[in-house]
Amino acid sequence: QVQLVESGGGLVQAGGSLRLSCAASGSAASIGDMGWHRQAPGKQRELVATITSGGITNYADSVKGRFTISRDNAQNTVYLQMNSLKPEDTAVYYCNAVLVITRYPYHGINYWGKGTLVTVSS
């Protein structure tokens, strides 16, 4: 079992910055990939950024150059530094993590946080 709790959301003006955090607790000894997704009102949930356990990152084109994903494996925490925020970044941001099962049958289990709201005003 893994529990993910996001924090850091809030209201910010366009051009401002926020840092989101997501702390994992429970059976977090074998967490693999982690990431952030977001869902704006009336839209589907979309991937924002991912990071592997080794620190390899990937970003959606819409946030590339503005957002930075990072993780602290010792603290089982993933971060999303959001700079140069735009109104279109307004969404509920969800973190996710994959618990890697190293016992046969090998597989991964996806866990999701409850989300944190980011509102960017114009």
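**Q** What is the right way to read the pairing of strand β5 (residues 46-51) from this model?
**A** Note on strand geometry: in a regular strand, side chains alternate between the two faces of the sheet. As judged from the 5 bridges shared by strand β4 (residues 31-39) and β5, these two strands associate in the antiparallel manner. Each residue of the ladder has a partner; that of Trp36, found in β5, is Ala49. Linkage of β4 to β5, two consecutive antiparallel strands, is achieved through a turn of 6 residues, within which Gly42 is found at a positive phi near 75 degrees. One ladder, built from 3 bridges, connects β5 with strand β6 (residues 57-59); its direction is antiparallel.

**Q** When you look at the sheet that holds strand β1 (residues 2-7) in this model, what are you seeing that I'm missing?
**A** Sheet architecture is open: 4 strands sit in the order β1-β3-β8-β7, paired in antiparallel fashion. Looking at which strands have only one partner, the edges of the open sheet turn out to be β1 and β7 (67-72). Recorded for the sheet is a direction-independent mean angle of 15 degrees between the axes of neighbouring strands. Bridge analysis of β7 against strand β8 (residues 77-82) gives 6 bridges, and the strand direction is antiparallel.

**Q** I would appreciate a short explanation of the side chain of Thr116 in the present structure.
**A** As for its placement among the helices and strands, Thr116 is situated in strand β11 (residues 116-121). Take Thr116: its relative accessible area is 11%, and that puts it in the buried class. In this structure the side chain of Thr116 is engaged in a polar contact, spanning 3.2 Å, whose partner is the backbone nitrogen of Gly9. Setting aside chain neighbours within four positions, we find Thr116 in contact with Glu6, Ser7, Gly8, Gly9, Leu20, Ala91, Val92 and Tyr93.

**Q** Looking at this model, I keep getting lost on the environment of Ala40. Mind explaining?
**A** Among the secondary structure elements, Ala40 is positioned in the loop between β4 and β5. The exposure class assigned to Ala40 is buried, which follows from its relative accessible area of 16%. Separated by 22 residues in the primary sequence, Ala40 and Ser62 have C-alpha atoms spaced 14 Å apart. Residues contacting Ala40, with those up to four places away along its chain left out, are Thr90 and Ala91.

**Q** Explain the pattern of salt bridges to me, please; I cannot follow it from the model alone.
**A** Any two side chains of opposite charge can pair, on the condition that their charged atoms come close. Under the defined criterion, the tally for this structure stands at 4 salt bridges. Between Asp89 and Arg38 there is a salt bridge whose closest N-O contact spans 2.9 Å. In this pair, Asp89 is assigned in the loop between β8 and β9 (91-101) and Arg38 in strand β4, connecting sequence segments 51 residues apart. Arg38 matches Asp89 in its accessibility class, with the two residues each being buried. In the salt-bridge network here, residues are joined through shared partners; they are Arg38, Glu46, Arg66 and Asp89.

**Q** Where do I start with the packing of aromatic side chains in this structure?
**A** Aromatic ring pairs: the centre-centre distance and the angle between the two ring planes describe each pair. For the structure on display, the rule yields 1 aromatic pair. Summarising the aromatic geometry, the rings of Tyr104 and Tyr106 are spaced 6.2 Å apart at their centres and angled 90 degrees between planes, so their arrangement reads as edge-to-face. A relative accessible area of 70% means that Tyr104 is categorised as exposed. Accessibility expressed as a relative area gives 61% for Tyr106, which makes it exposed. Positioned above the aromatic ring of Tyr94, the side-chain terminus of Arg45 is 3.8 Å from the ring centre. The side chain of Arg45 reaches across the aromatic face of Trp112, ending 5.1 Å from its centre.

Each value, and the rule that gives it
- Residues numbered from 1 in each chain as written.
- Predicted model: local features only at pLDDT ≥ 70, side-chain atom pairs only at ≥ 80, totals over all residues.
- Heavy atoms only, no water.
- Pairing = 2+ DSSP bridges.
- Helix = DSSP H or I, 4+ residues; strand = E, 2+ residues; numbered from the N terminus.
- Axes fitted to C-alpha atoms, helices over the stretch in contact; angles between N-to-C directions.
- Buried < 20%, exposed > 50% of the residue type's maximum accessible area, 1.4 Å probe, protein only.
- Polar contact = N/O pair within 3.5 Å; in protein donor to acceptor, adjacent residues only side chain to side chain.
- Contact = heavy atoms within 4.5 Å.
- Salt bridge = Lys/Arg side-chain N within 4 Å of Asp/Glu carboxyl O.
- Phe/Tyr/Trp six-rings, centres within 6.5 Å; stacked < 30°, edge-to-face > 60°.
- Lys NZ or Arg CZ within 6 Å of the ring centre and 35° of its normal.

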